[in-house]
Amino acid sequence: MAKAVFAILLVASVAVYAQQPQPAPSLSIRNVTVIDGNGGPPQSAFNVLLKDGRVASVGRDAVDADVTIDGRGLFVMPGLTDAHVHLSGMPWAERAEQLKRVLRGGVTMVYDVASDLRNTSDLSRAALTGEIESPAIYYAALFAGPAFFTDPRVVSTSRGYRPGDAPWNREIAPDTDLVRAVAEARGAGATSIKLYAALDAATVRRIGDEAKRQNVRLIAHATVFPARPSDLVAAGVKMLAHTAYLVWEGTPPSPDFPKRARGDFAGVPADSAVITRLLQSMKDNDVTLNPTLWIFSEGTPKDDMSPARIAWMNAVTKRAQDMGVVIAAGVDSLMTPGDPLPMIHKELEVMVTGAGLTPLQAITAGTRGAAHAIGVDADRGTLAPGKVADLLIVDADPSADIRNTRRIRYVIKDGRIVSTRAAGAR
Ligand SMILES: [Zn+2]
């Protein structure tokens, strides 16, 4: 009897297994120029072999596979990562459709740094199962002080909970049970926690200690008011978002959170000792900088401080790069009306034309650097044997002109070709 039951279970499980998607055929890209995401010069006439969703080999040895792409005249690089997105604020189906366009536009991974995580985790699940065509999705829960929880964005992404009680949008007060708050953020599927606003240095430190204990990555706005950038570095944060907010290292942070973009850019010069010390401590503690240059220079309406702010954030981003701080590309605006391609291409362009990074440095920020910020660079973000086979193939050299990241010929996700030419590619 037991044997019969076992046999039935076995048949049932084989039937379920048979419904799983077929493994990707092996794929070779021959005679292609490789930009591997580590920052080195392009290597021409390479052969790349992809198997079982991973990169099997990269080199000059001959390769044979089920499917072959003739790579002559083409450039292959890791798929782009946008390390600063928000996936709330749009109906699920519309967002899924947008993610498809984002993937076809060359982005193979995104990092949602605060949203309604019920929505984000379901999009992430659908991406993993193949229900939707999407970049890989990683995400962070948000922690902030009580003063932040009247913000309409946090209210709308916490529906069903009193604002501050949702496990992914958590109010941290002096009496908050941090062990539970961090555990519940993990329970919401977050691999990281983002410190957002209205937290002091002592609270930031307590959160940092508990996040470390529970092995959750901590990231933050570059200032969370009143905690300063250096308080965040000391608490163990691994990514600081928005270069412009680093200015608050040099002045008492504004108690008025909405004024966060109005720092004293003239009084705390980009090359001041206080900023140099901060950037050095970021490098020493492996804190990645997510500059969000485009949204501060072109993505928002101009105000009276724009010229000073833009010049300052460009200069500090360049200094960070030169001092060895890891830069992670992330836009804070996945797509913008009127542009068929994801905004990451604009961000990489502004890194070059605004901040003065080289195209290769910008490419590294959009690949390895962004994967490093998310904490997944052991697996993703570079083109090397063993890494996930998420690739972008373009038909002109992006290390010569960064705008060539838009000249998309193929996007490869988990070793499969997902698109032969994005609708908006040019
Ligand atoms: Zn953001």
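Residues numbered from 1 in each chain as written. Predicted model: local features only at pLDDT ≥ 70, side-chain atom pairs only at ≥ 80, totals over all residues. Heavy atoms only, no water.

Engineer: Just give me the short version of the overall build of the protein chain, but keep the residues and values in it.
Structural biologist: A tally of helices and strands in the protein chain yields 12 helices and 17 strands. In summary, the protein chain has a C-alpha radius of gyration of 22 Å against a globular reference of 22 Å for 426 residues, a match within 12%. With respect to the principal axes defined by its C-alpha atoms, the protein chain has extents near 65 × 65 × 40 Å. Looking at the protein chain residue by residue over its 426 residues, the buried ones come to 56%. When the accessible surface of the protein chain is totalled, it reaches about 17500 Å², and 54% of it is carbon and sulfur. If the 47 positive side-chain charges of the protein chain are averaged to one point and the 45 negative ones to another, these points end up 2 Å apart. (Helix = DSSP H or I, 4+ residues; strand = E, 2+ residues; numbered from the N terminus. Rg over C-alpha atoms; globule rule 2.2 N^0.38 Å. Buried < 20%, exposed > 50% of the residue type's maximum accessible area, 1.4 Å probe, protein only. Areas by Shrake-Rupley, 256 points an atom, 1.4 Å probe, with all protein chains shown as cover. Lys, Arg positive; Asp, Glu negative; His and termini not counted. Charge placed at Lys NZ, Arg CZ, Asp CG, Glu CD.)

Engineer: Describe the coordination of the zinc ion, naming the residues involved and giving the relevant values.
Structural biologist: Around a metal, the ideal angle is 109.5 degrees if four donors adopt a tetrahedral arrangement and 90 or 180 degrees if six donors adopt an octahedral arrangement. At this site the zinc ion is bound by His-84 (NE2), His-86 (NE2) and Asp-332 (OD), with donor distances of 2.0 to 2.3 Å. Going along the chain, you hit the donors of the zinc ion in the pattern H-x1-H-x245-D. You can see His-86 sitting in the loop between β6 (80-85) and α2 (92-104) and its partner Asp-332 sitting in the loop between α10 (306-323) and α11 (344-353), a full 246 residues away along the chain. Relative accessible area serves as the criterion here: at 28%, His-86 is assigned to the partly exposed category. Exposure remark for Asp-332: the relative accessible area of 21% places this residue in the partly exposed category. (Donors = N, O, S within 2.8 Å, 3.2 Å for Na, K, Ca; no water.)

Engineer: Explain the pattern of salt bridges to me, using residue names and the numbers behind them.
Structural biologist: Where charged atoms from two side chains of opposite charge come close, those side chains can pair. For the structure shown, the criterion picks out 25 salt bridges. Between Glu-184 and Arg-170 there is a salt bridge, with the nearest N and O atoms lying 2.3 Å from each other. One end of the pair, Glu-184, is in helix α5 (residues 178-187); the other, Arg-170, is in strand β10 (residues 169-171), with 14 residues separating them in the sequence. A relative accessible area of 24% places Glu-184 in the partly exposed class. Using a relative accessible area of 11% as the deciding quantity, one classes Arg-170 as buried. Within the structure, one salt-bridge network assembled from shared partners comprises Arg-262, Asp-303, Asp-304 and Arg-309. (Salt bridge = Lys/Arg side-chain N within 4 Å of Asp/Glu carboxyl O.)

Engineer: Any chance you could break down the packing of α5 against helix α6 (residues 201-213) for me, citing the residues and the numbers?
Structural biologist: Contact pair α5 / α6: the axes reach a minimum separation of 10 Å and the direction vectors enclose 55°. The angle between the axes of α5 and α6 places the two elements in the oblique class. Crossing geometry of α5 relative to α6 is assigned as right-handed. Residues Leu-178, Val-179 and Val-182 of α5 lie in contact with α6, whose contacting residues are Arg-206, Ile-207, Glu-210, Ala-211 and Arg-213. Taken together, the residues of the contact of α5 with α6 break down into five nonpolar, no polar and three charged. (Axes fitted to C-alpha atoms, helices over the stretch in contact; angles between N-to-C directions. Parallel < 35°, antiparallel > 145°, perpendicular 65-115°, else oblique. Left-handed = near helix turned anticlockwise from the far one by under 90°. Contact = heavy atoms within 4.5 Å. Nonpolar A, V, L, I, M, F, W, Y, C, P; charged D, E, K, R; others polar.)

Engineer: A description of the pairing of strand β3 (residues 54-59) should follow, citing residues and the corresponding values.
Structural biologist: Note: strand β2 (residues 43-51) against β3, five bridges, orientation antiparallel. Within β3, the residue paired with Leu-49 across the bridge is Ser-57. Remark: two residues form the turn of the hairpin made by β2 and β3, two consecutive strands paired antiparallel; Asp-52 in that turn has positive phi of roughly 55°. (Pairing = 2+ DSSP bridges.)

Engineer: Account for α11, naming residues and giving values.
Structural biologist: Of all 10 residues that make up α11, seven are buried, and the element is covered over most of its length. Within the sequence span of α11, burial applies to Ile-344, His-345, Glu-347, Leu-348, Glu-349, Val-350 and Met-351. As for α11, its buried residues are in contact with β6, β7 (107-112), α9 (293-297), α12 (359-374) and β16 (408-413).

Engineer: An account of the pairing of β2 is requested, with residue identities and associated values reported.
Structural biologist: Two faces, one strand: in a regular strand the side chains alternate between the faces of the sheet. Alignment of strand β1 (residues 27-34) against β2, held across five bridges, turns out to be antiparallel. Bridging across to β2, Ser-28 finds its partner in Leu-49.

Engineer: I'd like a description of the environment of Leu-74, backed by residues and values.
Structural biologist: For Leu-74, the location among the structural elements is in the loop between β4 (67-70) and β5 (75-78). Separated by 22 residues in the primary sequence, Leu-74 and Ala-96 place their C-alpha atoms 29 Å from one another. Excluding its chain neighbours within four sequence positions, the residues that come into contact with Leu-74 are Val-32, Thr-33, Ile-69, Ile-393, Val-394, Asp-395, Arg-409 and Tyr-410.

Engineer: Pulling in residues and values, what's your account of the packing of aromatic side chains?
Structural biologist: The full count for this structure, using the stated rule, is seven aromatic pairs. Ring centres of Phe-148 and Phe-149 lie 5.8 Å apart, and the angle between their planes is 80°; this geometry places the pair in the edge-to-face category. Each member of the pair, Phe-148 together with Phe-149, is buried. Centre to centre, the rings of Phe-225 and Tyr-245 are 6.5 Å apart; their planes meet at 70°, and the pair counts as edge-to-face. Taken as a pair, Phe-225 in the loop between β12 (217-221) and α7 (229-234) and Tyr-245 in the loop between β13 (239-241) and α8 (273-284) lie far apart in primary sequence, 20 residues in all. Pairwise contacts between aromatic rings join Phe-225, Tyr-245, Trp-248 and Phe-296 into one cluster. (Phe/Tyr/Trp six-rings, centres within 6.5 Å; stacked < 30°, edge-to-face > 60°.)

Engineer: I'd like to hear about the side chain of Glu-347, residue by residue, with values.
Structural biologist: Inspection of the secondary structure puts Glu-347 in helix α11. No salt bridge is formed by the buried Glu-347, whose closest oppositely charged neighbour, Arg-406, lies at an N-O distance of 10 Å. A distance of 2.7 Å separates a polar atom in the side chain of Glu-347 from the backbone nitrogen of Leu-293. Residues contacting Glu-347, with those up to four places away along its chain left out, are Pro-291, Thr-292, Leu-293, Trp-294, Ile-295, Gly-330 and Val-331. (Polar contact = N/O pair within 3.5 Å; in protein donor to acceptor, adjacent residues only side chain to side chain.)

Engineer: Outline the confidence of the model for the protein chain, listing residues and values.
Structural biologist: Considering every residue of the protein chain, the mean pLDDT works out to 93; 93% of them sit at 70 or more. Note that pLDDT drops below 50 for residues 11-18; the model gives that stretch zero contacts with residues more than four away or on any other chain. Low confidence marks residues 422-426, where pLDDT is under 50. Its contacts with residues over four positions away, or in another chain, come to 14 contacts. (pLDDT = per-residue confidence, 0-100.)

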